[in-house]
Amino acid sequence: MTTLRIAPRFRGPAQSGNGGYVAGLVGTALAAVAAADTAPRVRLLVPPPMETDLELSVEPAHATLTDGASEVAVGHTVDAETLSDATIDPVAPDEALAAEAKYRGLVSHPFPGCFVCGPENAEGLQLKPGPVGDGRTACTWHPADDLVGSDGLVDSVFLWAALDCPSGWAIDLEGRPSVLGQMSACVDARPHPGEPCVVMGRILAEDGRKTHTASTLYDSDGRVLARARQTWFLVDPATFNAG
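All figures in this text were calculated on a predicted structure; none of them were measured in a lab.

A. Representation of the overall build of the protein chain within the structure. Broken down by element type, the protein chain carries four helices and 11 strands. Taking 243 residues into account, the globule formula puts the C-alpha radius of gyration at 18 Å, and the protein chain, at 16 Å, falls close to it. The C-alpha extent of the protein chain, read off along each of the three principal axes, is 45 × 40 × 35 Å. Each of the 243 residues in the protein chain was classed as buried or not, and the buried ones make up 52%. Within the protein chain, counting contacts between residues at least 6 apart in sequence, those at least 24 apart form 71% of the total. As displayed, the protein chain offers around 10,200 Å² of accessible surface, 50% of which is attributable to carbon and sulfur atoms. For the protein chain, the separation between the mean place of its 17 positive charges and that of its 31 negative charges on side chains is 4 Å.

Below, the structure is given as structure tokens:
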């Protein structure tokens, strides 16, 4: 069992952890002990509390993140083939960069301090996923030096985070504000810090309060680094941002 704390830098809504980052904490720990032909799927049960001791328990096919008394997130393994439709056709880096100028979060963002895409989080990834005209979103990403793991490559937890919000912005977050409820991801390779990457997102389906999405991370050579599927839930942003 591992004890961890979510620092305010890694927030999504003002008072809770970013969904992709927290799912990545659970998912990467699970992937480290899981079978090679599987992928982690993480479900967030409550808004992840920040600056609180959390206990992460991991077994080969199951993981649990708790705040002591209750479960915050649970993970289990699924067949990696369930992510076969999560590979989104890429755009060229210059097209992804141009899409950033149309990023709606610069004008109206339900969670402006978000670690991944919040314009008010100077310590965040500062992704700006904008529409590319066919239901997809795209943005560039140059991972910072402070995101690396012990082997000098970008830590997988930040790949999970980077795969989060670009899919969310494929949703109309002004008319349909949503938070991450579930995420599955498969990391094939990890970039070096500073390497230019492209992140793609798209909607797969809507189902009542749920929206199903997918996202793909590409390296500078157009190689797939990681891919993910997400389920988002319609919420009232005021409830999540309340202190």
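B. Main features of the pattern of salt bridges. In total, this model carries six salt bridges according to the counting rule given. In this structure, aspartate 134 engages arginine 136 in a salt bridge whose closest nitrogen and oxygen atoms are separated by 2.8 Å. Residue classification places aspartate 134 among the partly exposed positions, given a relative accessible area of 46%. Among the ionic pairs, arginine 227 bridges to aspartate 188, the shortest N-O distance being 2.4 Å. In this pair, arginine 227 sits in strand S11 (residues 224–234) while aspartate 188 sits in the loop between strand S8 (178–187) and strand S9 (197–207), placing the two residues 39 residues apart along the sequence. Residue classification places aspartate 188 among the partly exposed positions, given a relative accessible area of 43%.

C. Structural view of the state of the cysteines. Across all of its chains, the model carries zero disulfides by this definition. The structure places no disulfide on cysteine 197, whose sulfur is separated from the nearest cysteine sulfur, that of cysteine 139, by 10 Å.

D. Here's a closer look at the sheet that holds strand S3 (residues 54–59). The strand order S1-S3-S4-S5-S2-S8-S11-S10-S9-S7-S6 describes an open sheet built from 11 strands, whose pairing is antiparallel. The open sheet has two edge strands with one neighbour each: strand S1 (2–4) and strand S6 (130–131). Here two bridges tie S6 to strand S7 (residues 136–141), and the two strands are oriented antiparallel to one another. Bridged to proline 131 within S7 is threonine 137. Here helix H1 (residues 19–31) sits on the sheet in contact with S1, strand S2 (38–44), S3, strand S4 (62–66), strand S5 (71–79) and S8, set at roughly 140 degrees to S2.

E. Summary view of the packing of aromatic side chains. Considering all chains together, one arrives at seven aromatic pairs under this definition. Taking the centre distance of 4.9 Å and the plane angle of 70 degrees together, the rings of phenylalanine 10 and phenylalanine 115 count as edge-to-face. Of the two residues, phenylalanine 10 sits in the loop between S1 and H1 while phenylalanine 115 sits in the loop between helix H2 (93–99) and S6, which places them 105 residues apart along the sequence. Each member of the pair, phenylalanine 10 as well as phenylalanine 115, carries the same accessibility label: buried. Joined through ring pairs, the aromatic side chains of Phe10, Tyr21, Phe115 and Phe158 make up one cluster.

F. Focus on H1. Over its 13 residues, H1 runs 17 Å from end to end, which matches the ideal 18 Å to within 8%, given 1.5 Å per residue. Counting buried residues in H1 gives 10 out of 13 residues, a clear majority hidden from the surface. When H1 is considered as a whole, its buried residues turn out to be Gly19, Gly20, Tyr21, Val22, Ala23, Gly24, Leu25, Val26, Gly27 and Leu30. Capping the start of H1 is the job of one residue whose side-chain oxygen sits 3.1 Å from the backbone nitrogen of glycine 20: asparagine 18.

G. Spotlight on the pairing of S8. Counting buried residues along S8, eight of its 10 residues qualify, which places the element largely inside the surrounding structure. Note that S2 and S8 share three bridges and pair antiparallel. The residue of S8 that forms the bridge with valine 42 is methionine 183. Note that S8 and S11 share nine bridges and pair antiparallel. Across the sheet, residue glutamine 182 finds its bridge partner in S11, namely threonine 231.

H. Broad picture of helix H3 (residues 156–168). H3 sits mainly inside the fold: 13 of its 13 residues count as buried. Near the N-terminus of H3, the side chain that reaches the backbone nitrogen of valine 157, with its oxygen 3.0 Å away, is that of aspartate 155.

I. Molecular detail of the side chain of arginine 227. Residue class for arginine 227 comes out buried when judged on its relative accessible area of 16%. At a separation of 2.4 Å, a polar atom in the side chain of arginine 227 contacts the side chain of aspartate 188.

The rules we used
- Sequence order as written defines the numbering, with residues in each chain counted from 1.
- This being a predicted model, a pLDDT of at least 70 is required before a residue's local features are given, and a value of 80 or more before pairs of side-chain atoms are given or counted; all residues contribute to the totals for chains, interfaces and linings.
- The basis for every side-chain value is the complete set of heavy atoms in the structure, and neither hydrogens nor water enter the calculation.
- Each helix is a run of DSSP H or I of at least 4 residues and each strand a run of E of at least 2, with the numbering of both proceeding from the N terminus.
- C-alpha atoms define the radius of gyration, and 2.2 Å times the number of residues to the power 0.38 defines the globule rule.
- When a residue's accessible area, from a 1.4 Å probe over protein chains only, is under 20% of the maximum for its type it is buried; when over 50% it is exposed; and in between it is partly exposed.
- Any two residues whose heavy atoms approach within 4.5 Å at even a single point are treated as in contact.
- With residues, only the protein chains shown are counted as cover, and all accessible areas are computed by Shrake-Rupley using a 1.4 Å probe.
- Positive residues here are Lys and Arg, negative ones are Asp and Glu, while His and the chain termini are left out of the count.
- To locate a charge, the coordinates of NZ of Lys, CZ of Arg, CG of Asp or CD of Glu are taken.
- Salt bridges, as used here, are contacts in which a Lys or Arg side-chain nitrogen is within 4 Å of a carboxyl oxygen on Asp or Glu.
- Counting rule for disulfides: a pair of cysteine sulfur atoms within 2.5 Å.
- Pairing between strands requires that DSSP locate at least two bridges from one strand to the other.
- To define axes, lines are fitted to C-alpha atoms, for helices over the stretch in contact only, and angles between the resulting N-to-C directions are given on a 0 to 180 degree scale.
- Pairing of aromatic rings covers Phe, Tyr and Trp, the last counted by its six-membered ring, and requires centre-to-centre distances within 6.5 Å; plane angles under 30 degrees mean stacked, over 60 mean edge-to-face, and any other angle means tilted.
- By this rule the span expected of a helix is its residue count minus one, scaled by 1.5 Å.
- As used in this structure description, the phrase polar contact means that two N or O atoms lie within 3.5 Å; if the pair is within protein, one of them must be able to donate a hydrogen and the other to accept it, and residues adjacent in sequence are counted only when both atoms belong to side chains.

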